[in-house]
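So you can see what is in the structure, the chains are spelled out below.
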Amino acid sequence: MLRVILVDDEPFILQGLKVLIDWEAEGYEIAAALDNGEAVIEFLKENQVDLIITDIKMPGMTGIDLIRRIRQENLSEAYFVILSGYNDFTYAQQAIRYNCVDYILKPVEKDGLLAILRKITHLSESERIDRQNHQRMESAYLARNMIALLNGKYDEMNLEYVKNHLQLSEGIRYIDIEISESYDEWEDGAARALQRDLYSACQELLQEDRSHAIFDVSYKDKSFDIGFIFCDYMAAKMDMDEEDYLNRLHRELEKRLKRPVCMLVGKRVQNIAAISKSYGTSCILKSLVAFYVKKNIYFYEQEVKVKQNGIILCKNSLDDLIRAIEQDEKIQIRKSVDNLYEEIGNMGVAGDMLSLNINYLLFQLIHLAMEQDNEVNQEEILQFISESSFEEGIMRGSSVHLSRFACEYADYLAQLRKNVSRGVLMEIEREVKENYAENLSLRDLSRKYYINSSYLGQIFRKKYGQSFKDYLSHYRIDEAAGQLLKTDKKIGQIAEDVGYRDSDYFIRKFIEIKGCTPSKYRKIKLNID
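Scoring rules and cut-offs
Residues numbered from 1 in each chain as written. Predicted model: local features only at pLDDT ≥ 70, side-chain atom pairs only at ≥ 80, totals over all residues. Heavy atoms only, no water. Helix = DSSP H or I, 4+ residues; strand = E, 2+ residues; numbered from the N terminus. Buried < 20%, exposed > 50% of the residue type's maximum accessible area, 1.4 Å probe, protein only. Contact = heavy atoms within 4.5 Å. Areas by Shrake-Rupley, 256 points an atom, 1.4 Å probe, with all protein chains shown as cover. Pairing = 2+ DSSP bridges. Axes fitted to C-alpha atoms, helices over the stretch in contact; angles between N-to-C directions. Phe/Tyr/Trp six-rings, centres within 6.5 Å; stacked < 30°, edge-to-face > 60°. Lys NZ or Arg CZ within 6 Å of the ring centre and 35° of its normal. Arc of directions from axis to C-beta. Polar contact = N/O pair within 3.5 Å; in protein donor to acceptor, adjacent residues only side chain to side chain. Parallel < 35°, antiparallel > 145°, perpendicular 65-115°, else oblique. Left-handed = near helix turned anticlockwise from the far one by under 90°. Nonpolar A, V, L, I, M, F, W, Y, C, P; charged D, E, K, R; others polar. Salt bridge = Lys/Arg side-chain N within 4 Å of Asp/Glu carboxyl O. pLDDT = per-residue confidence, 0-100.

K.L.:
How do you make sense of the overall build of the protein chain when you look at a structure like this?
P.N.:
Scanning the protein chain for helices and strands turns up 23 helices and 10 strands. Counting across all 529 residues of the protein chain, residues that qualify as buried make up 47%. Counting contacts in the protein chain only where the partners sit at least 6 residues apart, residues at least 24 apart contribute 66% of the total. Per element, the accessible surface of the protein chain, about 27,800 Å² overall, is 47% carbon and sulfur.

This is the structure we're talking about:
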């Protein structure tokens, strides 16, 4: 509802305006009916309104004086309509000078007032859309600059823009926020929609700090995350420490989404210029949490800490395990894992011991993979570690859990050595061509052809320059385009034929790939009037 103030020094005029039309039906709420300009000024100091309809001739302060003062003192951006019994163009000229929307004569006619109100409704809606579009553009540009800082690829222009558009303080962290569920079996678009819900919930909860939330930082196929730049002042203004603040945010997110949420809290840095260091540690956490006991919030310092008195590295046991992984000896892998856990248990302080030794192991495994294939970068290997699948019921951080991962990683290294990409990818191409309308997934295909799904995803993207999902979507839409031109089938039937159960989602994908709706595509290509 748009809020309106009616201003006239004659009571019967005010009463007449109130009952002349059905204000609510037109989308308006009468916020106040006042008889002088000073009362309007005082009202605006405490209240927001969208429209002021004022008489031009009033004792003390005229309608023109009222408009001038409101504009000069920036009290309101409301639209103005001037009422007058004087058919004098001079008044209209003065009113227009202060961006008055219209000027109507008394007695006010119903149709005339309705026409003006509908004009203002249209103007308000257009301006609202313009503001939204402007805010989206500003948010996108701010996010682009923040992502440049997160990746450590920024210049002074990026840094200054972020400093000028975010409230900052000393003491900053990057926090990765995700839904704690596997997206592998989700239909196309469902995970993305949930990611948008998570982003909206973050913005609503952060309120005036909403600009600190960043949509889709990682851009990875299987990562539907939200980035959050946390500053110390956020907790301080709520009289909390950072852990209490983040626990509260976590609870509220889960309450709104009715889904489990995970937060990965990167290392604390002093200022925004160093945020890439915090982001990097959050990414490391993301790849390591599979080896820790499951939590709602992981703090980098807590997960990778080493006690001041020092912790002994079980180097011999670790080297034996690394050698077994490199040589793909599954029995020896399990023995080495058992030996490692036994040695850690005998030394005590198992939590810190385990963290240090697991970190050493993972960094050595990253080095091994990069030796096998110099085209595989560290980020891809971390993604593999993060996404490696484990059977449900295996406790995180247990020896069984580590054994399962080590065996999968041994397979991963073996596949890197064999360079299996060409033959498998030819089979994947054939699968898509013959079964594109079925519920194909990279995970199912990896099982069928005995290749690790994460590695298959890597070599697929290298060859085709896109994810398997995007490749399949383009193939399906191309097939749909062919049917549109060669058959007279209805859109819904074609959608089903090419593997889309949801016609609306099919149309959105078609527009995304072909640039227009299926119906328009058919008309344009067939020259149908």
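K.L.:
So what exactly am I meant to see when it comes to the environment of A31 here?
P.N.:
Looking at the secondary structure, you find A31 in strand β2 (residues 28-34). For the pair A31 and I52, spaced 21 residues apart in the sequence, the C-alpha separation amounts to 9.9 Å. If sequence neighbours within four positions are ignored, A31 has contacts with R3, V4, F43 and V49.

K.L.:
Looking at this model, I keep getting lost on the side chain of S403. Mind explaining?
P.N.:
Tracing the sequence through the fold places S403 in helix α16 (residues 399-418). Setting aside residues up to four positions removed in sequence, S403 forms contacts with I333, R334 and V337.

K.L.:
Where do I start with the sheet that holds strand β1 (residues 2-7) in this structure?
P.N.:
The strands that make up a sheet pair up through hydrogen bonds in the backbone, lying either parallel or antiparallel. Spatial ordering of the open sheet is given by β2-β1-β3-β4-β5, a layout of five strands whose pairing is parallel. Each edge of the sheet is formed by a strand with only one pairing partner; in this case those strands are β2 and β5 (102-105). Neighbour-to-neighbour, the strand axes of the sheet open up by a mean angle of 20 degrees, direction not taken into account. Both strand β4 (residues 79-84) and β5 contribute to a ladder of four bridges, which runs parallel. Its bridge partner lying in β5, V81 is registered against D102.

K.L.:
Is there a simple way to think about the packing of aromatic side chains in this case?
P.N.:
Per the stated rule, a full pass over the model turns up 17 aromatic pairs. Between the NZ or CZ atom of R476 and the centre of the ring of Y500, over which it lies, the distance is 5.4 Å.

K.L.:
How do you make sense of helix α6 (residues 156-165) when you look at a structure like this?
P.N.:
Quick reminder: α-helices carry 3.6 residues per turn. Residues three or four places apart thus point the same way. Of the positions making up α6, those classed as buried are N158, L159, Y161 and V162. The arc that holds the buried residues of α6, viewed along the axis, is 165 degrees, so those residues lie on one side. Turned more than 90 degrees from where α6 packs its buried face, E156, M157 and N164 sit exposed. On its buried face, α6 sits against α5 (110-150). One side-chain oxygen at the N-terminal end of α6 lies 3.1 Å from the backbone nitrogen of M157; it belongs to D155.

K.L.:
What is the right way to read the sheet that holds strand β8 (residues 226-231) from this model?
P.N.:
Taken together, five strands build an open sheet; the order of strands is β7-β8-β6-β9-β10 and the sheet is mixed. If you trace the sheet from one side to the other, it starts and ends with β7 (213-215) and β10 (297-299), each paired once. On average, each strand axis in the sheet is tilted by 20 degrees relative to the strand beside it, whichever way the strands run. By the bridge criterion, five bridges tie strand β6 (residues 172-179) to strand β9 (residues 261-265) in an arrangement that is antiparallel. Across the sheet, E178 pairs through a bridge with C262, a residue of β9. Against the sheet, helix α7 (residues 190-206) engages β6, β7 and β8, with an angle of about 165 degrees to β7. The sheet strands contacting helix α9 (residues 242-257) are β6, β8, β9 and β10, and the helix crosses β9 at an angle near 155 degrees.

K.L.:
What's the story with the packing of helix α20 (residues 468-486) against helix α23 (residues 518-526) in this structure? I'm lost.
P.N.:
The axes of two packed helices give the description: the angle between them and the distance between them. In contact at an axis separation of 9 Å, α20 and α23 are set at 55 degrees when each is read in the N-to-C sense. In terms of orientation, α20 lies oblique with respect to α23. Handedness of the α20/α23 crossing: right-handed. Counted together, A481, Q483, L484 and L485 of α20 and P518, Y521, R522, K525 and L526 of α23 form the full contact between these two elements. Residue composition of the contact of α20 with α23, grouped by class: six nonpolar, one polar and two charged.

K.L.:
Sorry, what's going on with the pattern of salt bridges here?
P.N.:
Pairs can form between side chains of opposite charge once their charged atoms are near each other. Here the structure, examined in full by the defined rule, presents 30 salt bridges. Put simply, K286 and D176 hold a salt bridge, and the shortest N to O gap is 3.9 Å. In this pair, K286 is assigned in helix α10 (residues 275-288) and D176 in strand β6, connecting sequence segments 110 residues apart. Residue E204 pairs with R256 through a salt bridge whose shortest N-O separation is 2.6 Å.

K.L.:
Explain unusual backbone geometry to me, please; I cannot follow it from the model alone.
P.N.:
As a rule of thumb, non-glycine residues mostly have phi less than zero, and peptide bonds are mostly trans rather than cis. In this structure, N74 is a non-glycine residue whose phi angle is positive, near 50 degrees. Within the secondary structure, N74 sits in the loop between α3 (63-72) and β4. A relative accessible area of 67% means that N74 is categorised as exposed. If you check the backbone angles, D216 has positive phi at about 60 degrees while not being a glycine. Tracing the backbone through its elements, the reader meets D216 in the loop between β7 and β8. Judged by its relative accessible area of 7%, D216 falls in the buried class.

K.L.:
How should I be thinking about the confidence of the model for the protein chain in this particular structure?
P.N.:
Detailed reading of the predicted model is not advised wherever pLDDT is low. Here the protein chain averages 83 in pLDDT, and 84% of its residues register 70 or above. Here residues 389-393 is a poorly scored stretch, pLDDT under 50, and it has seven contacts once near neighbours within four places are set aside; other chains count.

K.L.:
Help me understand the packing of α20 against helix α22 (residues 503-514), please; the structure alone is not making it clear to me.
P.N.:
It is at 10 Å that the axes of α20 and α22 come closest, and there the two elements cross at 95 degrees. By the angle between their directions, the pair α20 and α22 is classed as roughly perpendicular. Residues S473, H474, I477, D478, A480, A481 and L484 of α20 form the contact with α22, whose participating residues are F506, K509, F510, I513 and K514. By residue class, the composition of the contact of α20 with α22 is seven nonpolar, two polar and three charged.

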